[in-house]
Each structure stands twice: as C-alpha cells, then as structure tokens.
Amino acid sequence: MRTTTIRLRLCGALATVLVAAGIASGPAAQADERPPTLAELAQEHGRYYGSATDNPELTDGPYKALLGSEFDQITPGNGMKWYATEPQQGVFDFAKGDEIVNLARANHQKVRGHTLVWHSQLPGWLTGREWTAPELRAVLKKHIQTEVRHYRGKVFAWDVVNEAFNEDGTYRETVFYKTLGPGYIADSLRWARQADPRVRLYLNDYNIEAVGPKSDAYHRLAKKLKARGVPLDGIGMQAHLALQYGYPTSLEDNLRRFSRLGLDTALTEVDVRMLLPADDAKLATQAQWYRDLTEACLAVRRCVGVTLWDYTDKYSWIPAFFPGEGAALPWDEELRPKPAYFAIREALGDE
Ligand code: 9MR
C-alpha cells in the first residue's frame with residue numbers, strides 16, 4: 001500500500017515538473033496531487049477507517065460523496081437492526097440494509113453488520129408479549145440465521161450480541177438473558193457461525209474502552225467462550241466518549257489484552273461529545289483524543305480498524321440523546337473538517 005501512495009506523490013511531483021515544462025496543464029496536475037483519504041492512510045497500516053451511515057441521510061448529495069470517498073468501511077446505523085429487518089414475526093425486510101450494502105459495493109467499502117441481538121430497537125411483536133424459553137430460542141435462532149444468511153459474503157463482520165453487560169460487569173437483564181440465561185450469547189455466536197462460516201463474529205459494547213469492571217466482564221466471558229470452542233472472533237469497543245468524563249487512558253493496554261486471547265478488536269462507534277457550545281480549547285482536546293484513539297488502534301496488531309458513528313455533526317445521534325451536548329464528530333454540520341479530522345490524518349502518518 002505504501003507503494004501506491006509513493007507512486008501518487010511521485011505522480012504529483014512529476015506533474016509539477018511537466019507543468020513547469022509546459023507539457024501538462026494545471027488542473028490535471030492538481031488532480032494528481034489529491035491528498036490521500038483517511039481510508040488510504042489507514043490501509044497503509046493494514047487497517048480500515050469507516051463511518052456509520054443511515055438510510056435517510058443518503059438523499060444528501062455532498063454528504064454521500066464524502067462518505068463514499070473518505071472511508072473504506074461503513075456500518076448501517078439502524079437499517080440492520082431487528083425492528084427494521086423482521087418487523088413482523090417471520091416476515092423479513094432487508095431493503096434498508098441492502099441499500100447500504102449496495103452503496104458500499106459501489107464505493108468498494110466493506111460493511112460491518114450491526115446488530116443481531118440487542119435489547120433496544122426490538123419490534124413490538126417481540127417486546128409485547130411473554131415468551132417461554134423454547135419459543136424465544138426458536139425466534140432468536142431464526143432471526144439470526146435468516147439475517148446472517150441474507151448478508152453472507154456481503155458483510156465482513158457482525159456485531160452478534162450488542163451491549164450484554166451492565167456497568168458493574170453483571171449481565172444486563174434483557175429479555176434474552178431473563179428467558180434463556182447467559183448461554184444465549186454462546187448460542188447466538190454458534191447460530192451465526194452456522195449461517196456464515198467466514199464472517200467475523202463480535203461482541204460489541206460501550207464503556208469498555210478502559211480496563212474496568214465492564215471490560216473485565218468481557219475479558220472473562222471471551223476467555224471462557226474461546227476455551228469452549230465457541231466461535232468468537234472479536235470484541236468491538238464502541239468508544240462513545242465524552243470530554244467531561246476523561247480519556248480512557250488504558251485503551252491500548254485493554255485492546256492488547258483482548259488480542260492476547262486471540263481476538264480481533266475494533267473501535268466501532270467512535271464519537272467524542274462535549275458540552276455545548278464548542279470552543280477552540282474543547283475542539284483541540286477532542287482532536288487530541290481522536291489522535292490518541294487512532295494511535296492506540298495502530299499500536300495493537302489485532303485492532304483491525306476504526307469506525308466513526310457517522311462522520312459529521314449534521315447527522316450525529318448525540319444532540320437528540322444528550323441535550324446540551326454535541327459537536328462530537330470530525331466534520332462539522334456544514335461538512336467542514338474540524339481539528340479532529342487533521343489530528344486523525346496525522347495519527348495515520350500523513351506527511
Ligand atoms: O445511531 C443510532 C440512532 O440513530 C438510534 O436512534 C439509536 C437508538 O438507540 O441507536 C443509535 O445507535 C446505537 C448503536 O446501535 C448501538 N450503540 C449505541 C448507539 C447510539 O445510541
């Protein structure tokens with residue numbers, strides 16, 4: 001990959017010489033000097049740099065153009081969730097996820113499947129009644145296997161189970177946990193593996209970037225699952241960070257201890273929110289955090305890539321969920337790059 005960039009830059013230099021000699025025209029030379037994208041920079045390290053996106057935003061031309069050019073990985077923010085994909089029991093609708101997969105294919109991007117088993121954004125038919133364990137097992141298996149089969153060969157990874165633990169490291173009391181016990185996690189992974197032998201299978205959660213009770217719970221569970229031969233390939237750390245809570249300084253060590261279990265890791269939903277209004281000092285700190293988390297991933301061999309939870313403040317989930325907070329992403333609401341964007345470039349080795 002390094003050769004590609006060097007070639008690109010030589011190309012630029014050559015173009016300059018040609019322009020100076022009156023052989024080539026200015027605009028063509030400038031086209032050759034296009035700076036590498038985040039994706040190209042990340043690829044030099046064998047990583048991807050990605051963004052979440054969501055179907056309603058895809059009518060926004062300038063947004064869509066940048067999404068297609070700057071990143072080599074996308075995650076559907078909502079389109080592959082249970083409420084969207086199985087709105088009635090046994091009736092599957094993959095239109096939204098397919099739209100994003102098709103867009104990714106057109107832009108040569110890989111797709112992270114998000115998410116199969118989660119307590120949130122479930123369809124009403126599932127939350128609106130009681131289930132016996134055998135009934136819910138059958139429902140869960142069918143959902144997982146139908147969706148994984150549909151996207152076989154089209155997504156490189158799945159967030160199989162999302163947000164399974166509480167902050168103190170106890171299991172979250174979801175309908176799946178309460179009805180099926182903790183074994184629903186291993187079962188979900190096995191069912192997903194049966195449906196796609198090649199896709200990378202992840203557990204994914206927030207507030208597990210630092211070493212602490214919640215990430216310890218994942219570490220213990222991952223170790224146990226690996227020892228029992230359960231097909232687990234990776235741990236996704238969402239990394240919804242907030243300036244007022246401090247940077248997770250043990251991130252790199254934490255990534256490394258999961259690598260040592262033979263697992264991939266990824267930063268899957270990155271944003272760094274702040275109390276509004278944003279100012280230069282906060283944006284500078286935010287930039288430093290983006291730099292640090294990118295460097296942490298590069299420093300750990302099995303950290304496979306970074307995904308922003310959308311790339312622009314225009315489509316961030318933060319203001320709606322945390323009133324008074326926002327400005328969390330590397331591009332502002334007008335799609336202008338912020339200091340964080342340049343910090344990421346530097347972290348990725350842009351010269
Ligand atoms: O970005 C998603 C937003 O559009 C939804 O309204 C929200 C509903 O909870 O989910 C957001 O994405 C979440 C992701 O699926 C799992 N981790 C937390 C993300 C932010 O809530």
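Sequence order as written defines residue numbering, which begins from 1 separately in each chain. Predicted model: local features are reported for residues with pLDDT of at least 70 only, side-chain atom pairs are reported and counted for 80 or more only, and whole-chain, interface and lining totals are derived from all residues. To obtain the side-chain values, all non-hydrogen atoms of the structure were used and water was disregarded.

A.B. asks: With reference to specific residues and values, describe the pattern of salt bridges.
C.D. replies: For salt bridges, the criterion is a side-chain nitrogen of Lys or Arg within 4 Å of an Asp or Glu carboxyl oxygen. Scanning the model with the defined rule gives 21 salt bridges in all. The shortest N-O distance in the salt bridge between E346 and R291 comes to 2.8 Å. With E346 in helix α15 (residues 339-347) and R291 in helix α13 (residues 280-299), this pair connects stretches of sequence that are 55 residues apart. One connected set of salt bridges, linked through shared partners, spans R193, R200, D233, D264 and R302. Going along the chain from the N terminus, every DSSP run of H or I of four or more residues is numbered as a helix, and every run of E of two or more is numbered as a strand.

A.B. asks: How would you explain the side chain of T265 if you had to name every residue and give the values?
C.D. replies: In this fold, T265 is placed in strand β8 (residues 264-275). Given the relative accessible area of 0%, T265 is considered buried. By definition, residues are in contact when any of their heavy atoms lie within 4.5 Å. Those residues in contact with T265 that sit more than four places away from it in its chain are Y202, I235, L255, F258, R302, C303, V304 and G305. Residue exposure (1.4 Å probe, protein chains only): buried if accessible area is under 20% of the type maximum, exposed if over 50%, otherwise partly exposed.

A.B. asks: Describe in detail the environment of S316, supporting the description with residues and values.
C.D. replies: Assignment of secondary structure puts S316 in the loop between β9 (303-308) and α14 (318-321). Sequence separation between S316 and A52 is 264 residues, and the spatial gap between their C-alpha atoms is 9.8 Å. In this structure, S316 is in contact with A328 and L329, ignoring residues within four places of it in sequence. Within the structure, the side chain of S316 is placed 3.2 Å from the backbone nitrogen of I318, a separation counted as a polar contact. Side-chain atoms alone can form a polar contact between residues adjacent in sequence; in general such a contact is a pair of N or O atoms within 3.5 Å, and within protein one must be able to donate a hydrogen while the other accepts it.

A.B. asks: Pulling in residues and values, what's your account of the side chain of Q73?
C.D. replies: Following the sequence through the fold, Q73 ends up in strand β2 (residues 73-76). Here T75 takes part through its side chain, which lies 2.9 Å from a polar atom of the side chain of Q73. A polar atom in the side chain of Q73 sits 2.7 Å from the side chain of T307. Residues in contact with Q73, not counting those within four places in the same chain, are Y48, Y49, G50, S51, Q109, K110, V111, R112, F156 and T307.

A.B. asks: Could you give me a rundown of unusual backbone geometry, with the residues and numbers involved?
C.D. replies: Cis geometry marks the peptide bond from H114 to T115, where omega comes out at -5°. Take T115: it is sitting in strand β3 (residues 110-117). In this model, L276 is joined to P277 through a cis peptide bond whose omega is 5°. The topology assignment puts P277 in the loop between β8 and α13. Even without being a glycine, H108 presents a positive backbone phi close to 55°.

A.B. asks: Report on the UniProt feature "domain: GH10" (unreviewed entry) in the protein, specifying residues and quantitative values.
C.D. replies: UniProt positions are given in the numbering used here, feature names are shortened, and annotations may be inferred rather than shown by experiment. According to UniProt, the "domain: GH10" (unreviewed entry) feature falls on residues 52-347. Counted over residues 52-347, helix gives 42% and strand 18%. Its end C-alpha atoms are 21 Å apart.

A.B. asks: Which residues make up the layout of surface pockets, and what values do they have?
C.D. replies: The rule is simple: put a 1 Å grid over the protein atoms alone, call a set of points where a 1.4 Å probe fits but cannot get out a cavity, call an open set with protein on both sides within 12 Å along at least five of seven lines a pocket, and count a residue as lining if it has an atom within 4 Å of a point. Grid points are joined across faces, edges and corners, and a volume is the space filled by probe spheres set on the points. The calculated volume of the largest pocket comes to roughly 760 Å³. For the largest pocket, the lining is made up of 36 residues, of which Q238, H240, E269, W309 and W317 are closest to its centre. Broken down by element, the lining of the largest pocket gets its largest block of residues, 3 residues, from strand β7 (residues 240-242). In this classification, the charged set is Asp, Glu, Lys and Arg, the nonpolar set is Ala, Val, Leu, Ile, Met, Phe, Trp, Tyr, Cys and Pro, and all remaining amino acids, among them Gly, are polar. Across the lining of the largest pocket, the residue classes break down as 14 nonpolar, 13 polar and 9 charged.

A.B. asks: Could you give an account of the environment of K314, with specific residues and numbers?
C.D. replies: You can see K314 is positioned in the loop between β9 and α14. Residues K314 and D159 lie 155 residues apart in sequence; the distance between their C-alpha atoms is 25 Å. The residues contacting K314, other than those within four sequence positions of it, are D60, D332 and E333. Polar side-chain contacts of K314 include one of 2.7 Å to the side chain of D60.

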